[in-house]
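Okay, here's what each chain looks like letter by letter:
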Amino acid sequence: MSERDELLAAIKDKAVVHGDVVLSSGRTASYYVDLRRVTLDGAVAPLVGRVMLDATADLGYDAVGGLTLGADPVAAAMLHAAAARGRTLDAFVVRKAGKAHGLQRRIEGPEVKGRRVLAVEDTSTTGGSVLTAVEALREAGADVVAVATILERGAADRIAAEGLEYRHPYTVADLGLG
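Residues numbered from 1 in each chain as written. Predicted model: local features only at pLDDT ≥ 70, side-chain atom pairs only at ≥ 80, totals over all residues. Heavy atoms only, no water.

Explain the environment of Asp72 to me, using residue names and the numbers behind them.
Tracing the sequence through the fold places Asp72 in helix H4 (residues 71-84). Under the relative-accessibility criterion, Asp72 is labelled partly exposed at 21%. Filtering out sequence-adjacent residues up to four positions away, Asp72 remains in contact with Gly66 and Val93. (Helix = DSSP H or I, 4+ residues; strand = E, 2+ residues; numbered from the N terminus. Buried < 20%, exposed > 50% of the residue type's maximum accessible area, 1.4 Å probe, protein only. Contact = heavy atoms within 4.5 Å.)

Below you can see the structure in the form of structure tokens.
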């Protein structure tokens, strides 16, 4: 079984929850895919990192991250998977708003100005969270090479409308949903 297939099986087994839910976009759905159940799972998170690195291997970026909270474990998994492969990859966290204390940074971690970065998220229905991160990254002087999510749930058109390449190893059809 390929690593992509292993991760898909883990998502189906651990992350898909059936029942009516309200998504962060405000939309309602008859199921929820709680990807934190895999991105924060000690056995599955390394697979997340490897699959996401493979899906974005040709993009030429040297830092990865996105809007906290959904992006954080994805970026960390990718950072560690890259290190295991002998590649240096930095990660960063984009806050929803700048801090009012300390260094008052909106983007935490290594500097992103002038760097090629990949904006990530665990899943996206409308693109709102990841595009908020893209806006903050561009304001900070980063070159956003693409957006990548584990699961594409409906954001593709909006991300494309922003002129961004969009990578995602899975869609809801892969999960037998939608």
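Back to the write-up after that little detour.
An account of the layout of surface pockets is requested, with residue identities and associated values reported.
Each pocket or cavity is described by its volume, and for the largest pocket that value is around 400 Å³. Residue lining of the largest pocket: 22 residues in total, with Ser24, Glu121, Asp122, Thr123 and Ser129 positioned closest to the centre. If you list the elements that add at least two residues to the lining of the largest pocket, you get strand S2 (28-33), strand S6 (116-124) and helix H5 (128-139). Looking at the lining of the largest pocket element by element, the count peaks at 4 residues for S6. (1 Å grid on protein atoms, 1.4 Å probe; cavity = no way out; pocket = protein on both sides within 12 Å on 5 of 7 lines; lining within 4 Å. Points joined across faces, edges and corners; volume = space filled by probe spheres on them.)

Explain the packing of helix H1 (residues 3-14) against helix H3 (residues 45-55) to me, and be specific about the residues and the numbers.
H3 packs onto H1 with a crossing angle of 130 degrees between their chain directions and a minimal axis gap of 9 Å. When the interaxial angle is binned, H1 and H3 end up oblique. For the element pair H1 and H3, the recorded crossing hand is left-handed. Across the interface between the two elements, Glu3, Arg4, Glu6 and Leu7 from H1 touch Leu47, Val48, Arg50, Val51 and Asp54 from H3. (Axes fitted to C-alpha atoms, helices over the stretch in contact; angles between N-to-C directions. Parallel < 35°, antiparallel > 145°, perpendicular 65-115°, else oblique. Left-handed = near helix turned anticlockwise from the far one by under 90°.)

I'd like a description of the side chain of Asp122, backed by residues and values.
Structurally, Asp122 is set in strand S6. Of the side chains with opposite charge, Arg36 lies nearest to the buried Asp122, which makes no salt bridge, at 4.0 Å. With residues up to four places along the chain from it excluded, the contact list for Asp122 reads Leu35, Arg36, Gly70, Val74, Thr149, Ile150 and Leu151. (Lys, Arg positive; Asp, Glu negative; His and termini not counted. Salt bridge = Lys/Arg side-chain N within 4 Å of Asp/Glu carboxyl O.)

Which residues make up the pattern of salt bridges, and what values do they have?
Within this structure, the stated rule accounts for 11 salt bridges. Its salt-bridge partner being Arg37, residue Asp34 comes within 3.3 Å of it at the nearest N-O pair. Among the ionic pairs, Asp54 bridges to Arg85, the shortest N-O distance being 2.9 Å. Residue Asp54 is found in helix H3, and its partner Arg85 is found in the loop between H4 and strand S4 (90-94); the two are separated by 31 residues along the sequence. Three or more residues joined by partner-sharing salt bridges are found here, namely Asp58, Glu165 and Arg167.

With reference to specific residues and values, describe the pairing of S2.
Where strand S1 (residues 16-22) and S2 come together, 5 bridges link them in antiparallel fashion. Paired with Val21 across the strands is Ala29, a residue of S2. (Pairing = 2+ DSSP bridges.)

Quick rundown of the environment of Val38? Include the residues and the values.
In this structure, Val38 sits in helix H2 (residues 36-39). The exposure class of Val38 is buried, given its relative accessible area of 0%. Considering only alpha carbons, one finds Val38 and Gly66, 28 residues apart in sequence, at a separation of 18 Å. When near neighbours in sequence (up to four residues on either side) are disregarded, Val38 contacts Ala10, Ile11, Lys14, Ala15, Val44, Ala45 and Val48.

Explain H3 residue by residue, including any values.
For H3, the full list of buried residues reads Ala45, Leu47, Val48, Gly49, Val51, Met52 and Leu53. Against the buried residues of H3 lie H1, H2, H4, strand S7 (143-152) and strand S9 (170-171).

Before we move on, can you summarise the nonpolar core with the specific residues and values?
Of all hydrophobic cores here, the largest spans 38 residues; its most connected members are Ile11, Val33, Tyr61, Met78, Leu118 and Val120. If you list the elements that add at least two residues to this core, you get H1, S2, H3, H4, S6 and S7. Here this core takes 7 residues from H4, the largest share from any one element. Apart from residues lying up to four places away in sequence, Met78 is in contact with Gly49, Met52, Leu53, Thr56, Tyr61, Val64, Leu89, Leu118 and Val120. If you look at the next biggest cluster of nonpolar residues, it comprises 21 residues, including Val94, Ala119, Ala133 and Val144. (Core = buried A, V, L, I, M, F, W, Y, C linked by side-chain atoms within 4.5 Å.)

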